[in-house]
Amino acid sequence: MNDVHFHLVVTHLPIVGVLIGFLVLLTGYFTKSPQVKTTALGIFIFSALAAIAAFYTGEAAEDIVENLQGISETLIHTHEEQAELFYIMMLILGGASLVTMFIQYKKSTFAKYGFIVVLLLSVSSIVMSKFVGTSGGEIIHAEIRNDANNLIQLDSHNDSNDD
């Protein structure tokens, strides 16, 4: 397993984790279950730790991928910028989850506000995860790029000229 493979494995964990944590947290709100909401906090903390691994494996993955034919330095840079923002957001979400877990354990009345902050942070992290995930995929997968329709039309135009 090289650095690119490891990055691809760990990079999906915070993206999927933040979505699962959000759904678990909503379930906790609807069922009024403090245990379910605490489980969501654990998922967010795990996702933040996975974000650390994803972020720190990105540079080594870039060193390999940037030398491949057809790889755009611009797409790598865009992904890197969005990954930095997502990383910071995930650290904040993980930290807020850890604090909320602690104040809930202490049976503080402020725990309900902690859960609201975590909910809002998770929504913004989900939005950012869409951008960082898509920008990462676009590095290798030309078919998901915004210009993919133009490439398909050019290819089909070239195929019809071959006849």
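For the structure, check the block above.
What you see is a predicted model, and the numbers here were worked out from it, not measured in a lab. (Residues numbered from 1 in each chain as written. Predicted model: local features only at pLDDT ≥ 70, side-chain atom pairs only at ≥ 80, totals over all residues. Heavy atoms only, no water.)

**Regarding the overall build of the protein chain**
Counted only if it meets this: We count a stretch as a helix when DSSP gives it H or I for four or more residues in a row; a strand needs E for two or more, and each element gets its number in order from the N terminus. When a residue's accessible area, from a 1.4 Å probe over protein chains only, is under 20% of the maximum for its type it is buried; when over 50% it is exposed; and in between it is partly exposed. Should any heavy atoms of two residues lie within 4.5 Å, those residues are considered in contact. Note that accessible areas follow from Shrake-Rupley with a 1.4 Å probe, and for residues the cover is restricted to the protein chains shown.
Helices and strands together make up the secondary structure of the protein chain, namely 5 helices and 0 strands. The linear arrangement of helices and strands in the protein chain, starting from the amino end, is α-α-α-α-α. Across the 163 residues of the protein chain, 37% fall into the buried class. Restricting to contacts in the protein chain with at least 6 residues of sequence separation, those with at least 24 account for 74%. If you sum the accessible surface of the protein chain, you get close to 9,900 Å²; carbon and sulfur atoms cover 66% of it.

**Some remarks on the nonpolar core**
Test applied: Working definition of a nonpolar core: buried Ala, Val, Leu, Ile, Met, Phe, Trp, Tyr and Cys residues. They are joined through side-chain atoms within 4.5 Å.
Counting residues in hydrophobic clusters, the biggest one holds 20 residues, and the most contacted among them are V18, L25, F44, M90, L93 and V118. Secondary-structure elements contributing two or more residues to this core are α1 (3-31), α2 (34-65), α3 (73-105) and α4 (111-140). Residues within four places of M90 in sequence aside, it is in contact with P14, V18, S47, A48, A51 and S125. Formed by 7 residues, the second largest nonpolar core is a distinct cluster that contains A61, V65, I71 and I139.

**What about the layout of surface pockets?**
Stated formally: With a 1 Å grid laid over protein atoms only, a set of points is called a cavity when a 1.4 Å probe fits there but cannot get out and a pocket when it is open yet has protein on both sides within 12 Å along at least five of seven lines; lining residues have an atom within 4 Å of a point. Grid points are joined across faces, edges and corners, and a volume is the space filled by probe spheres set on the points. In this classification, Asp, Glu, Lys and Arg are treated as charged, Ala, Val, Leu, Ile, Met, Phe, Trp, Tyr, Cys and Pro as nonpolar, and every other residue, Gly included, as polar.
Estimates place the volume of the largest pocket at around 730 Å³. Lining the largest pocket are 30 residues, and of these H7, T11, H79, G136 and I139 sit closest to its centre. Those elements that place two or more of their residues in the lining of the largest pocket are α1, α2, α3 and α4. For the lining of the largest pocket, the leading source of residues is α2, giving 9 residues. In terms of residue class, the lining of the largest pocket is made up of 17 nonpolar, 9 polar and 4 charged.

**Some remarks on unusual backbone geometry**
Positive phi values are uncommon outside glycine, yet K32 reaches one of about 55°. Residue placement: K32 occurs in the loop between α1 and α2.

**Description of the packing of aromatic side chains**
We apply this condition: Each pair of aromatic rings taken from Phe, Tyr and Trp, with Trp reduced to its six-membered ring, is defined by centres within 6.5 Å and is described as stacked if the planes are under 30 degrees apart, edge-to-face if over 60, and tilted in the remaining cases. Counting as a charge over the ring demands two things of the Lys NZ or Arg CZ atom: a distance within 6 Å of the ring centre and an angle within 35 degrees of the ring normal.
Taken as a whole and judged by the stated rule, the model has 4 aromatic pairs. Judged by centre distance (6.5 Å) and plane angle (45°), the rings of F110 and Y113 are tilted. By relative accessible area, which is 47% here, Y113 ends up partly exposed. Members of the aromatic cluster, connected to one another through ring pairs, are F55, Y56 and Y87. Residue placement shows K37 over the ring face of Y29; its charged tip is 4.6 Å from the ring centre. The side chain of K37 reaches across the aromatic face of F115, ending 4.7 Å from its centre.

**Some remarks on a nonpolar patch on the surface**
Heads up, the rule is: Patches in this entry comprise residues that are over 30% relatively accessible and not in a salt bridge; like charges within 9 Å are linked, as are nonpolar side chains (Val, Leu, Ile, Met, Phe, Trp, Tyr) within 5 Å. Salt bridge, as applied in this entry: a Lys or Arg side-chain nitrogen positioned within 4 Å of an Asp or Glu carboxyl oxygen.
Where nonpolar side chains cluster on the molecular surface, the patch consists of F110, Y113, I116 and L120 and spans about 450 Å² of accessible area. Summarising the element assignment, L120 is placed in helix α4. When its relative accessible area of 57% is taken as the criterion, L120 is described as exposed.

**Overview of α3**
Here is the rule we go by: A helix is expected to span 1.5 Å multiplied by its residue count minus one.
Here α3 is 33 residues long and its end C-alpha atoms lie 47 Å apart, about the 48 Å a rise of 1.5 Å per residue gives. Backbone geometry just after α3 places K107 at a positive phi near 60°.

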